[in-house]
Amino acid sequence: MITASAINALSPFKPERLTERVRFISNANKPCSSVGIRFLMLSVNISMGTIIYAILHKFSQIAYNLFFILFNKGLTLSSLIKLENITKVYRMGENELPVLKNVHFQLDRGEMTAIVGMSGSGKSTLMNILGFLDRCTEGRYIFSGRDVSYLSELELAAIRNQKIGFVFQSFFLLPRSTALQNVMLPLFYRGTPRAEAERMARQMLEKVGMAHLAEHKPNQLSGGQQQRVAIARALVGDPEVILADEPTGALDSQTGDEVMELFTTLNRKEGRTIVIITHDKSISARCQRVVMMKDGRIVDVD
Ligand SMILES: Nc1ncnc2c1ncn2[C@@H]1O[C@H](COP(=O)(O)OP(=O)(O)OP(=O)(O)O)[C@@H](O)[C@H]1O
Ligand SMILES: [Mg+2]
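**Remarks on the site of ligand 1**
Step number 1: Surrounding ligand 1, one finds Tyr-90, Met-92, Leu-97, Val-99, Gly-117, Ser-119, Gly-120, Ser-121, Gly-122, Lys-123, Ser-124 and Thr-125.
Step number 2: Elements with a minimum of two residues in the shell around ligand 1: β1 (79-92), β2 (95-108) and α4 (123-130).
Step number 3: The leading source of residues in the shell around ligand 1 is α4, at 3 residues.
Step number 4: Split by residue class, the shell around ligand 1 holds 4 nonpolar, 7 polar and 1 charged.

**Comments concerning the pairing of strand β3 (residues 112-117)**
Step number 1: Counting buried positions along β3 gives 5 out of 6 residues, so the element sits mostly inside the fold.
Step number 2: Alignment of β3 against strand β8 (residues 273-277), held across 4 bridges, turns out to be parallel. Within the sheet, the bridge partner assigned to Ile-115 lies in β8 and is Ile-277.
Step number 3: Pairing geometry for β3 and strand β9 (residues 289-294), over 5 bridges, is parallel. Among the inter-strand pairings, Thr-113 is bridged to a residue of β9, identified as Arg-289.

**Quick notes on the sheet that holds strand β6 (residues 164-168)**
Step number 1: If you trace the 6 strands from one edge of the open sheet to the other, you get β6-β7-β8-β3-β9-β10, paired in mixed fashion. What marks the edges here is a single partner per strand, and that holds for β6 and β10 (297-301). Ignoring which end each strand starts from, the neighbouring axes of this sheet average 20° apart.
Step number 2: Most of the contacts of α4 go to β8, to which it runs at about 155°, and overall it touches β3, β7 (241-245), β8 and β9.

Conventions adopted
Residues numbered from 1 in each chain as written. Chains lettered and ligands numbered in written order. Predicted model: local features only at pLDDT ≥ 70, side-chain atom pairs only at ≥ 80, totals over all residues. Near = placed C-beta within 6 Å. Helix = DSSP H or I, 4+ residues; strand = E, 2+ residues; numbered from the N terminus. Nonpolar A, V, L, I, M, F, W, Y, C, P; charged D, E, K, R; others polar. Buried ≥ 20, exposed ≤ 12 C-beta atoms within 10 Å, placed from the backbone. Pairing = 2+ DSSP bridges. Axes fitted to C-alpha atoms, helices over the stretch in contact; angles between N-to-C directions. Contact = placed C-beta atoms within 7 Å.

Geometric descriptors of this kind do not, in isolation, establish any biological role.
Have a look at this one:
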């Protein structure tokens, strides 16, 4: 058995300190102290384990969130729309009319893209599918990272109202409503309170240079002015993308130019994603990308 004097003889430490150590070691062999120490060690282990687990858990949460944000941002910041192998077939009684054939199309955020092609090549059909006004017969439509091919009409209508702003060749303004009321319309469908909707609509009319004609009805406005109101209506809900089907088709070239100037400003200054169908080369020349359609297919992308 080890004794205090034996250790004192072998050790370079002060004898009195070693004596204390030996007393401690000897006491540790007693049954009641052993249980106490084990209990103490167990508690310490459990506490340490809990702390380490909490730290690791927190780290994994942070890492997961970071990964999700980066991945999701990467996904949604670049690709807004992806059409995969889209076909559209109109059925007229017994006959089937294939209008879109295996169309692949991708639209990135912040892009201004022109869709060009001969009359009847399927441009408006493609745009109607992009804007959830129509469904494809086959294929997959990914919007903002989400497959929307199988959504119900009601869900599609909700996305359309929230995410898409339409501008058409013939404006489609409500004839009996003022410019202001026309611009307020999408907000009305969203349930925005009236005062807030009016404030937002006036702000949009201001942006397109139409604030001074807010109380005019469409028949008291020129074609270019009506198109500006239609653009304000498309913008008021802060959509992800503006789809414009021949927006300058009914305008003289100078007014058309002014409307195009507005689109260009919205794209360059505000980073708006815009798709414009046009027959006019001077309009497609202003877009970053030109997609050419022929006989229901995309045949060329600039
Ligand atoms: N609802 C429909 N039912 C049947 N056929 C349709 C329907 N809508 C369009 N089509 C047909 O689909 C084809 C493509 O039409 P779409 O309107 O997409 O052409 P487009 O390229 O926009 O032509 P445009 O430059 O003249 O506007 C046309 O042959 C048209 O007749
Ligand atoms: Mg068309």
